[in-house]
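Residue-level listing of the chains:
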Amino acid sequence: EDQVTQSPEALRLQEGESSSLNCSYTVSGLRGLFWYRQDPGKGPEFLFTLYSAGEEKEKERLKATLTKKESFLHITAPKPEDSATYLCAVQAYSNTGKLIFGQGTTLQVKP
Amino acid sequence: ETGVTQSPTHLIKTRGQQVTLRCSSQSGHNTVSWYQQALGQGPQFIFQYYREEENGRGNFPPRFSGLQFPNYSSELNVNALELDDSALYLCASSLVAREVPYEQYFGPGTRLTVT
């Protein structure tokens, strides 16, 4: 069964304290892995797509990487405005319309 | 470029009633997917519509149904509402070109409360 597990469930950082979020996945034929950011009561905001192991994408303080079993979202020198829930999702070749999400990591960055 | 819009923002219904949620896709997109997100959980795939037909469905009963219109907008209908249907309902639009699907962009969601 295709599934996604994110860790940790919650993460508290001081402003400027870099860290990484983990997304482990099991999928039969990975077409793409997606990272989203979700603020409370809002819809997920698209961040990155990764297609193959070894691929990396960057946007401001965020960097996403992909291996054959997991993905990491690295946050460098975070700011309070980076506080949000970060969701990871996979898309399989067998059903490209469906995103399978993890439960998310809730990040709080304190000033 | 207009993003994904959903209506209404909030909705309160009674158990056993029926509800219709609406979604307008992002400009240039031709596919709409619907997700249910319970509090503290990741979104769960309900179904996707492409070329006005259902194109894949998650583990949801038949009382969850949908439509896609020629302008690519979509509706989600839920019959015989149950208390567990209380959730944030998310619509996501994407482009499928030459059978290749691209990223899904989400709307703000509709918060449904069933009492």
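Residues numbered from 1 in each chain as written. Chains lettered and ligands numbered in written order. Predicted model: local features only at pLDDT ≥ 70, side-chain atom pairs only at ≥ 80, totals over all residues. Heavy atoms only, no water.

Q: How should I be thinking about the sheet that holds strand 3 (residues 19-26) of chain A in this particular structure?
A: Each strand in a sheet pairs with another by means of backbone hydrogen bonds, the pair being arranged parallel or else antiparallel. Residue and element names in this part refer to chain A. Pairing is antiparallel across the open sheet formed by 5 strands, whose spatial order is 1-3-8-7-6. One side of each edge strand has no neighbouring strand; the edge strands of this open sheet are strand 1 (3-7) and strand 6 (56-59). Put simply, the sheet's adjacent strands are angled 15° from each other on average, direction ignored. Relative to strand 3, strand 1 runs antiparallel, the two being bridged by 5 bridges. Across the sheet, the residue bridging to Q3 is T26, located in strand 3. (Pairing = 2+ DSSP bridges. Helix = DSSP H or I, 4+ residues; strand = E, 2+ residues; numbered from the N terminus. Axes fitted to C-alpha atoms, helices over the stretch in contact; angles between N-to-C directions.)

Q: Sorry, what's going on with the packing of aromatic side chains here?
A: Geometry of an aromatic ring pair is reported as the spacing of the ring centres plus the angle between the planes. All told, the structure shown has 10 aromatic pairs over all chains when counted by the stated rule. Judged by centre distance (5.3 Å) and plane angle (90°), the ring pair of Y36(A) and F106(B) falls under edge-to-face. With Y36(A) in strand 4 (residues 30-38) and F106(B) in strand 12 (residues 105-106), this residue pair bridges two chains. Like Y36(A), the residue F106(B) is buried in the burial classification. Taking 5.3 Å as the distance between ring centres and 85° as the angle between the ring planes, the aromatic pair formed by F47(B) and Y49(B) counts as edge-to-face. An identical accessibility class is assigned to F47(B) and Y49(B); each is buried. Pairwise contacts between aromatic rings join Y36(A), F46(A), F101(A), Y35(B), F45(B), Y105(B) and F106(B) into one cluster. (Phe/Tyr/Trp six-rings, centres within 6.5 Å; stacked < 30°, edge-to-face > 60°. Buried < 20%, exposed > 50% of the residue type's maximum accessible area, 1.4 Å probe, protein only.)

Q: How do you make sense of the sheet that holds strand 3 (residues 19-24) of chain B when you look at a structure like this?
A: Residue and element names in this part refer to chain B. Sheet architecture is open: 4 strands sit in the order 1-3-8-7, paired in antiparallel fashion. The open sheet terminates on both sides in strands that have one partner only, identified here as strand 1 (5-7) and strand 7 (64-68). For this sheet, the mean inter-axis angle between neighbouring strands, taken without regard to orientation, is 20°. Pairing of strand 3 with strand 8 (residues 74-78), which is carried by 5 bridges, proceeds in the antiparallel orientation. Following the sheet pairing, R22 is matched in strand 8 by E75.

Q: Help me understand the interface of chain B and chain A in this model?
A: Frequently, the measure chosen for interface size is the accessible area removed from exposure when the parts meet. In this assembly, 19 residues from chain B lie in contact with 20 residues from chain A. For the pair chain B and chain A, the summed buried surface comes to about 1600 Å²; carbon and sulfur atoms form 55% of the total. Where chain B packs against chain A, one counts 0 salt bridges. Our count for the chain B to chain A interface comes out at 5 residue pairs in polar contact (both at pLDDT 80 or more). Counting residues per element, the ones that place at least two in the side of chain B that touches chain A are strand 4 (31-37), strand 5 (44-50), strand 9 (87-94), strand 11 (100-101) and strand 12 of chain B. Counting residues per element, the side of chain B that touches chain A draws most heavily on strand 4 of chain B, at 3 residues. Tallied by class, residues from the side of chain B that touches chain A come to 10 nonpolar, 8 polar and 1 charged. (Contact = heavy atoms within 4.5 Å. Buried area = accessible area lost by both parts, 1.4 Å probe. Salt bridge = Lys/Arg side-chain N within 4 Å of Asp/Glu carboxyl O. Polar contact = N/O pair within 3.5 Å; in protein donor to acceptor, adjacent residues only side chain to side chain. Nonpolar A, V, L, I, M, F, W, Y, C, P; charged D, E, K, R; others polar.)

Q: Could you clarify how one ought to interpret the nonpolar core in this entry?
A: Residue and element names in this part refer to chain A. Y25, L33, W35, L73, Y86 and V90 are the most contacted members of the largest nonpolar core, which has 26 residues in total. Every element with two or more residues in this core is listed here: strand 2 (10-14), strand 3, strand 4, strand 5 (45-50), strand 7 (62-66), strand 8 (70-75), strand 9 (84-92) and strand 11 (105-110). No other element matches the 5 residues that strand 9 contributes to this core. If we ignore the near neighbours within four places in the chain, the residues touching L73 are S19, S20, L21, W35, F48, L62, K63, A64 and Y86. (Core = buried A, V, L, I, M, F, W, Y, C linked by side-chain atoms within 4.5 Å.)

Q: So what exactly am I meant to see when it comes to the state of the cysteines here?
A: The final tally for this structure, using the stated rule, is 2 disulfides over all chains. Put simply, C23(A) and C88(A) are joined by a disulfide, and their sulfur atoms are 1.9 Å apart. Note on the C23(A) and C88(A) pair: the S-S dihedral is about -60°, so by sign convention the disulfide is left-handed. You can see C23(A) sitting in strand 3 and its partner C88(A) sitting in strand 9, a full 65 residues away along the chain. Residues C23(A) and C88(A) agree in their burial class; the two are buried. The disulfide bridge from C23(B) ends at C91(B), spanning 1.8 Å between sulfur atoms. Measuring handedness by torsion sign, the sulfur bridge of C23(B) and C91(B) sits at about -55° and is left-handed. Of this pair, C23(B) sits in strand 3 while C91(B) sits in strand 9, placing them 68 residues apart in sequence. Classification of C91(B) by relative accessible area gives buried; the value is 0%. (Disulfide = S-S within 2.5 Å.)

The values reported here are purely geometric and, on their own, carry no functional implication.
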